[in-house]
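Chain residues, written in single-letter form:
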Amino acid sequence: MSVPKLCQQFIYGGDYNPEQWLDRPDILEQDIVLLKKAHINTVTLGVFSWSVLEPQEGVFRFEWLHKIIDRLYQNGIRVILATPSGSRPRWLAEKYPEVLRVREDRVRYLYGERHNHCYTSPVYREKVAVINRKLAENFKDHPAVMMWHISNEYRDECHCPLCQQAFRKWLKNRYQNIDELNHAWWTTFWSHTYQSFDQIESPSSIGEKGLHGLTLDWKRFVTAQTTDFMCHEIRVLREAGVQQPTVVNFMNDYTGLDYYKLAEHVDYVSWDSYPTWHHKSDVLTAFDTGMQHDLMRSMKQKPFLLMESSPSSPNWQNISKVKKPGMLMNAALHAVAHGSDSVQFFQIRQSRGGFEKFHSAVIDHYGGEDTRIFKEVTETGVVLETLAEIKGSQVNAAAAVIYDMESRWAMESAKGPRNEGLFYHEAALKSYQALRKNGLNVDVINMEQSLEKYRIIAAPMLYMFRAGIEEKLRGFVQQGGILVMTYWSGIVNETDLCHIGGTPHGLTDVLGLRSEEIDGLCKGETNHFLPLGKNGLFMKDRYECSHLCDLVHLDGAKPLMTYAENFYKGYPALTVNNYGSGLAYYVCADAEMDFYLDLYRNIIAEQNIPPVMDSIPEGIEISSRTIKNTEYVFVQNFTEEPICIRLPNEAEILFGCYDGAIQGYSSVIYRKKTQLPQK
Ligand code: GAL
């Protein structure tokens, strides 16, 4: 038995569920033939196999999995093997009801669905340990198994008595004594002071919902408990002798967990990307998806994996749109462009029944190779093989957007200037998109990461300052960095208490101002930014803003634009302050996209920051990966029409058709020699 040296190639394949077809050996054999034809080199197995692997408590059936993994290996296909904890067997819930989750209104779920298990339950942990250990013993030395996929899309929370106890213990550890907690949560408000940790209950719609400190700590606890559960799973594998790397799969912009915390304990971060292609502008969808790719890469500052994506339409979005010709490959290369070392689909073979029977697949119900999707999967497989030299390369980003989950939790659960939408994601996306459209690679980081390698930091709506971010930002600007901070920043501390003495807390001197009031605008209500004199920065003389308008008191900063309407007409709307060798901009309101495009265009030009590519036409997305002094530039058209574009003279085309234009839904990848940007 031998496999080709796949470590040199991009991982290409997807979730495969042979346990659904054990009574059809003919189909399983046919699958192998088709996988090879499609140039698929890897499959993910076992994500939902628990009830087949352990049909009754303590009764194990591994022969079928051995057979399949052996057959795959004989055919040069490797395996990412999953622990099955994402969906447990019926017998387990029946015999041990404590494994079933309890909702926030204290109702215990019946058996059903998936991701419906308590992460605290000692029984669940023990049963997961048993099956994981068995899997490890069976497959740890199998040469086909290249990686361990830990559970599936950890998510949601449980409010059972066991979780309540664990929460109290976690709080006690955090605060040591109840007075500290009362102060941190400001419980004298509404007379909610606790006398002991035993009185604490998780937030509930039939109980406490108004204590923001409690809500925030509960979310932190849920992340800590999920992380602890994941580490338990990994520990069992390692103790049983597993040596291969581990990977966890995340979801799109999921706010139930702080993924950074989980990422620390696995070797690879991966995610499952299901954008709503063709529902609205694909260009916007591409930027939105690109931001998630960049977030996944930034967590470990190394290549991530695209663990799942849809070959054509998923079946669970409101409308299931098939991917137009070219989109499959474009979406695959998009992930690679942003730092993925894999392209994986859900699902390899379409299930016949159940919730996902109409979800697209590499092999559909018809089962042949002469389908449009199968052909596009095959073409993509061939292309990825030709791009193997790019695997493992890095994305060098001159700019970063700070996008922080803890701050988001605090901001979105507070009652504040706008309770029908703060548009945090949208605000971050505007900065992200503007930086990318102006030709820069962008990292999407949280407040704990180092800022040292960047030249521009965008800090949209950084509501909570934590992890010493004030000091890091101060040092960053002091040493010549460009900070663009916006309204609603530096308002609360790590326990969600409002800062006293002026905000953005600790940075008023760096920004040369303090925020005095913030006006919430009604739906549809707008104001405008107007240039103040000859600021030299802007192309347009009027930009719309909405949602939130900060009224600031200047103390050294220079106003560049002012508001056009309302009683605060003439108040600063955009300011800049010189601090150390750097500049600190402050954007007072939720300005339209064009504003950010123009702002960053000017900053990038003024600072001489070399873009990956100049003059990027609308509809094109640029991203690059670098290895030593070779830069691979991905130029992708996310519209249906050809777009004319001038590639640099030194561009050596590695892939794609280029005749002065790039065709609709297609990509060109070129190589060039480079020097890394110096700060
Ligand atoms: C993912 C999940 C897969 C499958 C897929 C369908 O979120 O991990 O198991 O359900 O969605 O799009």
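Calculation rules
- Residues numbered from 1 in each chain as written.
- Predicted model: local features only at pLDDT ≥ 70, side-chain atom pairs only at ≥ 80, totals over all residues.
- Heavy atoms only, no water.
- Helix = DSSP H or I, 4+ residues; strand = E, 2+ residues; numbered from the N terminus.
- Rg over C-alpha atoms; globule rule 2.2 N^0.38 Å.
- Buried < 20%, exposed > 50% of the residue type's maximum accessible area, 1.4 Å probe, protein only.
- Contact = heavy atoms within 4.5 Å.
- Areas by Shrake-Rupley, 256 points an atom, 1.4 Å probe, with all protein chains shown as cover.
- Lys, Arg positive; Asp, Glu negative; His and termini not counted.
- Charge placed at Lys NZ, Arg CZ, Asp CG, Glu CD.
- Near = heavy atom within 4 Å.
- Polar contact = N/O pair within 3.5 Å; in protein donor to acceptor, adjacent residues only side chain to side chain.
- Nonpolar A, V, L, I, M, F, W, Y, C, P; charged D, E, K, R; others polar.
- Pairing = 2+ DSSP bridges.
- Axes fitted to C-alpha atoms, helices over the stretch in contact; angles between N-to-C directions.
- Phe/Tyr/Trp six-rings, centres within 6.5 Å; stacked < 30°, edge-to-face > 60°.
- Lys NZ or Arg CZ within 6 Å of the ring centre and 35° of its normal.
- Salt bridge = Lys/Arg side-chain N within 4 Å of Asp/Glu carboxyl O.
- Parallel < 35°, antiparallel > 145°, perpendicular 65-115°, else oblique.
- Expected span 1.5 Å × (residues − 1).
- Disulfide = S-S within 2.5 Å.

Asker: Could you clarify how one ought to interpret the overall build of the protein chain in this entry?
Answerer: Counting secondary structure elements, the protein chain contains 17 helices and 25 strands. Taken over C-alpha atoms, the radius of gyration comes to 26 Å for the protein chain, in line with the 26 Å a tight globule of 679 residues would show. Dimensions of the protein chain, computed from the C-alpha atoms along their principal axes, are close to 75 × 75 × 40 Å. By residue count, 61% of the 679 residues in the protein chain fall in the buried class. Restricting to contacts in the protein chain with at least 6 residues of sequence separation, those with at least 24 account for 73%. Put simply, the protein chain shows about 26600 Å² of open surface, and 50% of that area lies on carbon and sulfur atoms. Of the charged side chains in the protein chain, 71 are positive and 84 negative, and the gap between their average positions amounts to 3 Å.

Asker: I would appreciate a short explanation of the site of the ligand in the present structure.
Answerer: Contacts to the ligand come from F48, R114, N152, E153, D272, Y274, E308, W316, F346, E356 and H359. Within the side chain of R114, one N or O atom sits 2.8 Å away from an oxygen atom of the ligand. One nitrogen or oxygen atom from the side chain of Y274 is found 3.5 Å from an oxygen atom belonging to the ligand. Within the complex, 94% of the 310 Å² of free accessible area of the ligand lies under protein. Here the shell around the ligand is composed, by residue class, of four nonpolar, two polar and five charged.

Asker: Explain the pairing of strand 17 (residues 572-579) here, please?
Answerer: One face of the sheet, then the other: side chains in a regular strand alternate in exactly this way. A large share of strand 17 lies buried, amounting to seven of its eight residues. Alignment of strand 16 (residues 558-563) against strand 17, held across four bridges, turns out to be antiparallel. Within strand 17, the position partnered with M561 by the bridge is L574. Two elements, strand 17 and strand 18 (residues 582-587), share six bridges in a ladder whose sense is antiparallel. Paired with Y579 across the strands is G582, a residue of strand 18.

Asker: Is there a simple way to explain the sheet that holds strand 2 (residues 42-45) in this structure?
Answerer: Two strands in a sheet stick together by hydrogen bonds in their backbones, pointing the same way (parallel) or opposite ways (antiparallel). Ordered by their spatial adjacency, eight strands build an open sheet running 7-6-5-4-3-2-1-8, and the pairing between neighbours is parallel. Whereas interior strands pair on both sides, the edge strands pair on one side only; in this sheet they are strand 7 (305-309) and strand 8 (342-346). The mean inter-strand angle of the sheet, taken between neighbouring strand axes irrespective of direction, is 30 degrees. For strand 3 (residues 78-82) and strand 4 (residues 145-149), the ladder comprises four bridges, and the chain directions are parallel. What sits directly across from I80, in strand 4, is M147.

Asker: For this particular structure, what's the right way to read the packing of aromatic side chains?
Answerer: By convention here, two paired aromatic rings are described through the distance between centres and the angle between planes. Under the criterion given, the structure shown has 31 aromatic pairs. Here W277 and F638 contribute two aromatic rings whose centre-to-centre distance is 5.7 Å and whose plane-to-plane angle is 0 degrees, an arrangement assigned as stacked. Taken together, the residues span a long stretch of sequence, with W277 in the loop between strand 6 (268-273) and helix 10 (282-300) and F638 in the loop between strand 21 (630-637) and strand 22 (643-644) at a distance of 361 residues. Owing to a relative accessible area of 5%, W277 belongs among the buried residues under this scheme. Their ring planes at 80 degrees and their centres at 5.1 Å tell us that F595 and Y596 sit as a pair that is edge-to-face. When its relative accessible area of 3% is taken as the criterion, Y596 is described as buried. These aromatic residues form a ring-pair network of at least three members: F529, Y543, Y563, F567, Y568, Y571, F595, Y596 and Y600. Lying over the aromatic face of Y119, R101 brings its terminal NZ or CZ to 5.1 Å of the ring centre. Seen from the ring of W21, R349 lies directly overhead, with NZ or CZ sitting 5.4 Å from the centre.

Asker: Would you mind showing me how to read the pattern of salt bridges here?
Answerer: Charged atoms that come close allow side chains of opposite charge to pair. A full pass over the atoms with the stated rule returns 43 salt bridges. Connected via shared salt-bridge partners are R174, D217, R220, D258, K261, D404, E406, E448 and R466.

Asker: Help me out: how do you make sense of the packing of helix 10 against helix 14 (residues 424-437) in this one?
Answerer: Any two packed helices are characterised by how steeply their axes cross, that is the angle between the axes, and by the distance between the axes. Orientation of helix 10 relative to helix 14, taken along the N-to-C sense of each, is 95 degrees, at an axis distance of 10 Å. Viewed along their axes, helix 10 and helix 14 adopt a mutual orientation that is roughly perpendicular. Contact residues: helix 10 offers L284, F287, D288, G290, M291, Q292 and D294, while helix 14 offers H425, A428, L429, Y432, Q433, R436 and K437. Looking at side-chain class alone, the contact of helix 10 with helix 14 contains six nonpolar, four polar and four charged residues.

Asker: In this structure, what is going on with helix 5 (residues 122-139)? I would like to understand it.
Answerer: Because each turn of an α-helix spans 3.6 residues, side chains separated by three or four positions in sequence point in the same direction. Between its terminal C-alpha atoms helix 5 stretches 25 Å, which fits the 26 Å expected from 18 residues at 1.5 Å a residue. Listed in full, the buried residues belonging to helix 5 are V123, Y124, R125, K127, V128, A129, I131, N132, L135, A136 and F139.

Asker: Teacher, can you tell me more about helix 13 (residues 405-413) here?
Answerer: Burial runs high along helix 13: seven of the nine residues are buried. Regarding helix 13, the residues found buried are M405, E406, S407, R408, W409, A410 and M411. If you follow the buried residues of helix 13, they end up packed against helix 8 (212-239), helix 9 (259-263) and helix 14. Its side-chain oxygen 3.2 Å from the backbone nitrogen of E406, D404 forms the N-cap of helix 13.

Asker: Looking at this structure, I do not really get the state of the cysteines. What am I missing?
Answerer: Cysteine pairs can be covalently joined through their sulfur atoms, and such a bond is termed a disulfide. Counted under the stated rule, the structure contains zero disulfides. C657 takes part in no disulfide bond, and the closest cysteine sulfur to it belongs to C644, at a distance of 15 Å. Exposure remark for C657: the relative accessible area of 61% places this residue in the exposed category.

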